Amino acid sequence: MTASHAPVRQSSVRAHNLALVLQTAANSADRPSRAGIAALTGLTRATVSALVDDLIAGGLLIEHDPAPRTGAGRPAAGLALNADGPAALGLEINVDYLAACVVDLTGSVRHRIVAHGDQRPLSAADSLQALDALAAQARAAAEGEGLTLAGAALAVPGLVAADGLVRVAPNLGWQDVDVPALLPGLAGLPLIVDNEANLAALASAEGERTFLYVSGEIGIGAGIVLDGELYRGVRGWSGEIGHITVFPDGRPCRCGATGCLEQYAGQEQVVADVELAASALGIALAAVVNLLDIGVIVLGGAYAPEFPRLRGGIEAELARRVLTSGLAPVTLRAAELGPDAAMRGAADAVIQSVRDDPAAWLSR
Ligand SMILES: [Zn+2]
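What you see is a predicted model; the values in this text were computed from it and never measured. (Residues numbered from 1 in each chain as written. Predicted model: local features only at pLDDT ≥ 70, side-chain atom pairs only at ≥ 80, totals over all residues. Heavy atoms only, no water.)

I keep staring at the pairing of strand S14 (residues 296–301) and nothing clicks. Help me out?
Side-chain positions along a regular strand alternate between the two faces of the sheet. The element S14 is extensively covered by neighbouring structure, given that six of its six residues are classed as buried. By the bridge criterion, five bridges tie strand S11 (residues 211–216) to S14 in an arrangement that is parallel. Its bridge partner being in S14, Gly216 is matched across the sheet by Gly301. (Buried < 20%, exposed > 50% of the residue type's maximum accessible area, 1.4 Å probe, protein only. Helix = DSSP H or I, 4+ residues; strand = E, 2+ residues; numbered from the N terminus. Pairing = 2+ DSSP bridges.)

Quick question: what am I supposed to make of the coordination of the zinc ion here?
Geometry reference: four tetrahedral donors at a metal, ideal angle 109.5 degrees. Six octahedral donors, ideal angles 90 or 180 degrees. Within the protein, the zinc ion binds to His243 (ND1), Cys253 (SG), Cys255 (SG) and Cys260 (SG); these donor distances fall in the range 2.0 to 2.3 Å. Seen from the zinc ion, its four donor atoms lie at angles of 106 to 120°, and the figure they make is tetrahedral. When its relative accessible area of 39% is taken as the criterion, Cys255 is described as partly exposed. (Donors = N, O, S within 2.8 Å, 3.2 Å for Na, K, Ca; no water. Tetrahedral: all angles 85-135°; square planar, octahedral: opposite > 155°, others 65-115°.)

Can you help me understand the packing of helix H8 (residues 274–292) against helix H9 (residues 303–321) in this one?
Think of two packed helices as two axes; the pair is described by the angle between the axes and how far apart they sit. Orientation of H8 relative to H9, taken along the N-to-C sense of each, is 55°, at an axis distance of 7 Å. Judged by the angle between their axes, H8 and H9 are oblique. Helix-helix and strand crossings are classified by hand; for H8 and H9 the assignment is right-handed. Taken together, the residues of H9 that come into contact with H8 (itself represented by Val274, Ala277, Ala278, Ser279, Leu281, Gly282, Ile283, Leu285, Ala286 and Asn290) are Tyr303, Arg309, Leu310, Gly313, Ile314, Glu317, Leu318 and Arg321. (Axes fitted to C-alpha atoms, helices over the stretch in contact; angles between N-to-C directions. Parallel < 35°, antiparallel > 145°, perpendicular 65-115°, else oblique. Left-handed = near helix turned anticlockwise from the far one by under 90°. Contact = heavy atoms within 4.5 Å.)

What's the story with the side chain of Ser238 in this structure? I'm lost.
Tracing the backbone through its elements, the reader meets Ser238 in the loop between strand S13 (229–230) and helix H6 (262–265). Separated by 2.7 Å, the side chain of Ser238 and the backbone oxygen of Tyr231 make a polar contact. Leave out the neighbours within four places in its chain, and Ser238 touches Ala222, Ile224, Tyr231, Arg232 and Gly233. (Polar contact = N/O pair within 3.5 Å; in protein donor to acceptor, adjacent residues only side chain to side chain.)

It is not clear to me how the packing of helix H2 (residues 34–41) against helix H3 (residues 45–57) should be interpreted in this structure. Could you clarify?
For the pair H2 and H3, the least separation of the axes is 9 Å and the interaxial angle reads 120°. When you trace H2 past H3, the crossing you get is right-handed. Only Arg45, Val48, Ser49, Val52, Asp53 and Ile56 of H3 make contact with H2, whose side of the interface consists of Arg34, Ala35, Ile37, Ala38 and Thr41. For the contact of H2 with H3, a count of residues per class yields six nonpolar, two polar and three charged. (Nonpolar A, V, L, I, M, F, W, Y, C, P; charged D, E, K, R; others polar.)

Could you clarify how one ought to interpret the sheet that holds S13 in this entry?
What links the strands of a sheet is backbone hydrogen bonding, and the strands pair in either a parallel or an antiparallel sense. Judged by pairing direction, the sheet is mixed, and its five strands sit side by side in the order S13-S12-S11-S14-S15 without closing on themselves. Across the chains shown, the open sheet's two edge strands, defined by having one partner strand only, are S13 and strand S15 (331–334). Of the strands in this sheet, S11, strand S12 (220–226), S14 and S15 are in contact with H9, which crosses S14 at around 145°.

Please explain the packing of aromatic side chains as it appears in this structure.
Per the counting criterion, the structure on display carries one aromatic pair. Ring centres 4.9 Å apart and planes at 75° place the aromatic pair Phe247 and Tyr264 in the edge-to-face group. Separated by 17 residues along the polypeptide, Phe247 in the loop between S13 and H6 and Tyr264 in helix H6 bring together distant segments of the chain. Above the ring of Trp361, the side-chain terminus of Arg364 is found at 3.8 Å from the ring centroid. (Phe/Tyr/Trp six-rings, centres within 6.5 Å; stacked < 30°, edge-to-face > 60°. Lys NZ or Arg CZ within 6 Å of the ring centre and 35° of its normal.)

Can you help me understand the nonpolar core in this one?
Nonpolar side chains in soluble globular proteins tend to end up buried together. The biggest cluster of nonpolar side chains holds 44 residues, and the ones touching the most others in it are Val21, Leu55, Leu60 and Tyr213. Among residues more than four places away in sequence, those in contact with Val21 are Ile37, Leu43, Leu51, Val52 and Leu55. (Core = buried A, V, L, I, M, F, W, Y, C linked by side-chain atoms within 4.5 Å.)

Explain the pattern of salt bridges here, please?
Side-chain pairing between opposite charges can occur once the charged atoms of the two side chains come close. For the structure on display, the rule yields 18 salt bridges. A salt bridge links Arg333 to Glu206; the shortest N-O distance between them is 3.2 Å. One end of the pair, Arg333, is in strand S15; the other, Glu206, is in the loop between helix H5 (196–202) and S11, with 127 residues separating them in the sequence. Taking relative accessible area as the criterion, Arg333 reaches 17% and is therefore assigned buried. On the basis of relative accessibility, which here comes to 39%, the residue Glu206 falls in the partly exposed class. The salt bridge involving Glu317 is made with Arg320; its shortest N-O contact spans 3.2 Å. Residue Glu317 and its partner Arg320 are both found in helix H9; the two are separated by three residues, about one turn of the helix. Taking the relative accessible area as the measure of exposure, Glu317 reaches 7% and is therefore buried. (Salt bridge = Lys/Arg side-chain N within 4 Å of Asp/Glu carboxyl O.)

Hey, could you run me through the side chain of His111 in this one?
Its location among the elements puts His111 in strand S5 (residues 109–116). His111 sits in the buried class, given a relative accessible area of 18%. At a separation of 3.1 Å, a polar atom in the side chain of His111 contacts the side chain of Glu145. Beyond its immediate stretch of four places on either side in the chain, His111 contacts Ala100, Cys101, Val102, Ala141, Ala142 and Glu145.

Would you explain unusual backbone geometry in this entry?
Most peptide bonds take the trans configuration, and most residues that are not glycine carry a negative phi. Despite not being glycine, Asp176 shows a phi value in the positive range, around 50°. Considering the arrangement of structural elements, one finds Asp176 in strand S9 (residues 174–178). In this model, Asp293 sits at a positive phi of 55°, which is unusual for a non-glycine residue.

Would you mind showing me how to read helix H4 (residues 124–144) here?
Owing to its 3.6 residues per turn, the α-helix aligns residues three or four sequence positions apart on the same side. Between its terminal C-alpha atoms H4 stretches 30 Å, which fits the 30 Å expected from 21 residues at 1.5 Å a residue. When H4 is considered as a whole, its buried residues turn out to be Ala124, Ser127, Leu128, Leu131, Asp132, Leu134, Ala135, Ala138 and Ala142. In this fold, the buried residues of H4 make contact with strand S3 (86–94), strand S4 (97–104), S5, strand S6 (148–156) and S9. Just beyond H4, the residue with positive phi is Gly146, at close to 90°. (Expected span 1.5 Å × (residues − 1).)

None of the figures reported here should be taken as evidence of function without further support.
The following block contains the structure:
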């Protein structure tokens, strides 16, 4: 080993151990002590203590005072995630609303703002200007409470390239929109831009490792989660379930094709004819289940409050069309977060990045 490699290696070991200590504290049911973390991780007590000191100084952990002495032995102080440390700004732009939320390191929602309004008549620049103002409002509220934003993430109903460029969002009428450039209020904050169904899926696992998340808004998107990982496809554009053909000679779609699911089961069509919407959804979902062997489907967005009215019609089509439905029925459920899933998923993505790499936060 040459001397020049040593510092790099040490800093990557430290980064790994910081993440290990933070995750161990975060995942413990009770507040572990420094000695407890040493026992759980196999690190020495001196190493753990130094790492814990850094995590406390960086605002990631807090150490609760020992309980008053009641008997023999010295009660240990407990470590927990700091709810007043780094926080995340979750943003969503959808066809008929803008939304922002602030989530702290423990996962609690500290602020939530939703502004209803049809975005379709507006230009991308005007919609994003309004979102920028909403984000500034949420940021001010968070900072007023002493929270520090670690980053922001924005959920959009469209296809997003790696640099945050929205290639196409058909229901917003967007094409090649440079989102980060149009959100000047977020300058200086790391910004993630991702598809709304992907972000919502990550917030809707509820312990499930493999499932399909379907988001019903004006458009319809899906997030495919396989063994705990989002399946994004080769270019990151998977999940366009809204453009699966359900009736080949059917209604024209904004995408240029005819008979797409979106024309029968978008949120406006659910209001107009819930039976047709459920049937169209069932036909499309049966195709997905036959292809991917997915056993759980989570219905989110505007589908969540309509779930009791949609369920029967969807299940009838699944029973009729899924080859294996007699062997293992598909489980359908409504997303617990309902219409908030995408902005919560956006905030969760930022929080997860801090929890996965606390060294990056400490060296900011
Ligand atoms: Zn279409």
